[in-house]
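Here's the letter readout for the chains.
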Amino acid sequence: MSYVLTEKAATLQPYDPVEGTYAIRLDANESWITPDAATREKLGAAVAAMDFNRYPDPLASAPCAAFAAMYGVRPALVTAGNGSDELISVILSTFLAKGETMLTMAPDFSMYKFYTHITENRCVVYQKNDDLQIDVDEVLALASREKARLLIFSNPCNPTSVGLDRESVRRLVSGTDALVVLDEAYMDFWDQSLLAEVADYDNLIILRTASKALGLAAVRLGFAVANPRLTAVLRAAKSPYNVNLATQTLAAAALADPDYQRRCAQTLIASREQLSAALQPLVTAGKLTRLYDSCTNFVLVDLPDARRVFERLKQDYSIVVRCFGETRLRITAGSPEQNAALLSALNEIL
Ligand SMILES: *Cc1c(COP(=O)(O)O)cnc(C)c1O
């Protein structure tokens, strides 16, 4: 006898983050702010006091309540996941029937399309224009033509850093019968969220994450916010104990201080502004072809020979950024010292 892999299993490509040890990591859009020693002490004590032998709260009520309080939504609309990545997977495998069509965009977060490979759903891709903007009417026309049952995109967008204003997103959600999954992973850095009105729509799920502005990428926690009907489905579909107790404990503590979190977001926005401003002379000098207006904690630049610049930053300066194709780099805003090191390296290379 011999076991034959399904084609979809055999052709899976593993997610491939940069491996190895580098001095400066500006490749994954993480926060560069970490807890001080006193906070670590408190977090450690909270974890040490956990009931290790018991299953955790299946609904992760403590972090969901803290999230709801911080963002001014009702806790009854919030579902927690093991990172928003898990929630994306649960949503696609639950709300799409066999063979149905999902619409996503390009450039956008690559994981959306990845999951349709596993769920065996059709994926239609809306190509953004040269300014990396979204034309809502074109998206709606494509969705209708292709009979899309689910639309998913990030706003502000990773990897473009570009935002779509709230009124346009409203028009998109209202203009389709499809389920719209609005990934607001970076909305802590912008002010065009639809969270406050999420329950007004029968077809909207908003995703948020603790991995970016909240500085908890290591902890793995994401949230889906939607009306009660959709929330009931999400809670039924997820695996029962998807958020472990260490995550619940650490996140509830971190989210208990919204003022601190908002100050962190402001600090991260300031470091992005500093980075953008310092890159501007390279645009003026023609070394960078384009610097996009960012609504996030990272910037996207176009330049000839991006691959070579990416490799040199890595090899010669121990600085990692993300390279897209041959002409684009995505650079996470770091601390003032990290930004300075990056700029000095870039100036030398270019
Ligand atoms: C980083 C990111 C996420 C967060 O994923 P987690 O699994 O919560 O860490 C989700 N969506 C986008 C677009 C992202 O860039």
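Residues numbered from 1 in each chain as written. Predicted model: local features only at pLDDT ≥ 70, side-chain atom pairs only at ≥ 80, totals over all residues. Heavy atoms only, no water.

## Quick notes on the nonpolar core
With 48 residues, the main nonpolar core has Phe 67, Leu 151, Phe 153 and Leu 204 as its most contacted residues. It is helix H3 (residues 61–71) that provides the largest number of residues to this core, a total of 6 residues. Once residues lying within four places of it in the same chain are set aside, the contact partners of Phe 153 are Met 105, Asp 108, Tyr 112, Ile 134, Leu 164, Val 169, Leu 172, Val 180, Val 181, Leu 182 and Asp 183. The next biggest cluster of nonpolar side chains, apart from the first, holds 25 residues, and it includes Leu 288, Leu 291, Val 299 and Ala 345. (Core = buried A, V, L, I, M, F, W, Y, C linked by side-chain atoms within 4.5 Å. Buried < 20%, exposed > 50% of the residue type's maximum accessible area, 1.4 Å probe, protein only. Helix = DSSP H or I, 4+ residues; strand = E, 2+ residues; numbered from the N terminus. Contact = heavy atoms within 4.5 Å.)

## Quick notes on the environment of Glu 86
Looking at the secondary structure, you find Glu 86 in helix H4 (residues 83–95). In the structure, Glu 86 is positioned 59 residues away from Arg 145 in sequence and 29 Å away in space, judged by C-alpha atoms. Those residues in contact with Glu 86, other than ones at most four positions away along the chain, are Gly 81, Ser 239 and Asn 242.

## So, unusual backbone geometry
With omega at -5 degrees, the peptide bond leading from Ala 106 into Pro 107 counts as cis. Counting through the fold element by element, Pro 107 comes out in the loop between strand S3 (101–106) and helix H5 (111–119). In this structure, the amide linkage connecting Asn 158 to the following residue, Pro 159, adopts the cis form with an omega of 20 degrees. With respect to the helices and strands, the residue Pro 159 is situated in the loop between strand S5 (148–154) and helix H7 (166–174). In the Ramachandran plot, Ala 60 falls in the positive-phi region, its phi being about 45 degrees despite a non-glycine side chain. Positioned with a positive phi, Ser 318 is a non-glycine residue whose angle comes to about 55 degrees. Within the fold, Ser 318 resides in the loop between helix H11 (306–317) and strand S11 (319–320). We classify Ser 318 as partly exposed; its relative accessible area is 21%.

## Here we look at empty space enclosed by the protein
Scanning the entire structure with this criterion turns up 1 cavity of 30 Å³ or more. In this model, the largest cavity occupies a volume close to 60 Å³. Considering the residues around the largest cavity, the lining is formed by Lys 128, Leu 132, Gln 133, Ile 134, Ser 154, Asn 155, Cys 157, Thr 160, Val 162, Gly 163 and Leu 164. Considered class by class, the residues forming the lining of the largest cavity number 5 nonpolar, 5 polar and 1 charged. (1 Å grid on protein atoms, 1.4 Å probe; cavity = no way out; pocket = protein on both sides within 12 Å on 5 of 7 lines; lining within 4 Å. Points joined across faces, edges and corners; volume = space filled by probe spheres on them. Nonpolar A, V, L, I, M, F, W, Y, C, P; charged D, E, K, R; others polar.)

## Considerations on the side chain of Lys 128
With respect to the helices, strands and loops of the structure, Lys 128 is situated in the loop between strand S4 (122–127) and helix H6 (136–145). Buried Lys 128, no salt bridge; nearest opposite-charge side chain is Asp 108, N-O distance 4.3 Å. Of note is the side chain of Lys 128, whose polar atom sits 2.9 Å from the backbone oxygen of Pro 107. Setting aside its immediate chain neighbours within four residues, Lys 128 contacts Met 105, Ala 106, Pro 107, Asp 108, Gln 133, Ile 134, Cys 157 and Thr 160. (Lys, Arg positive; Asp, Glu negative; His and termini not counted. Salt bridge = Lys/Arg side-chain N within 4 Å of Asp/Glu carboxyl O. Polar contact = N/O pair within 3.5 Å; in protein donor to acceptor, adjacent residues only side chain to side chain.)

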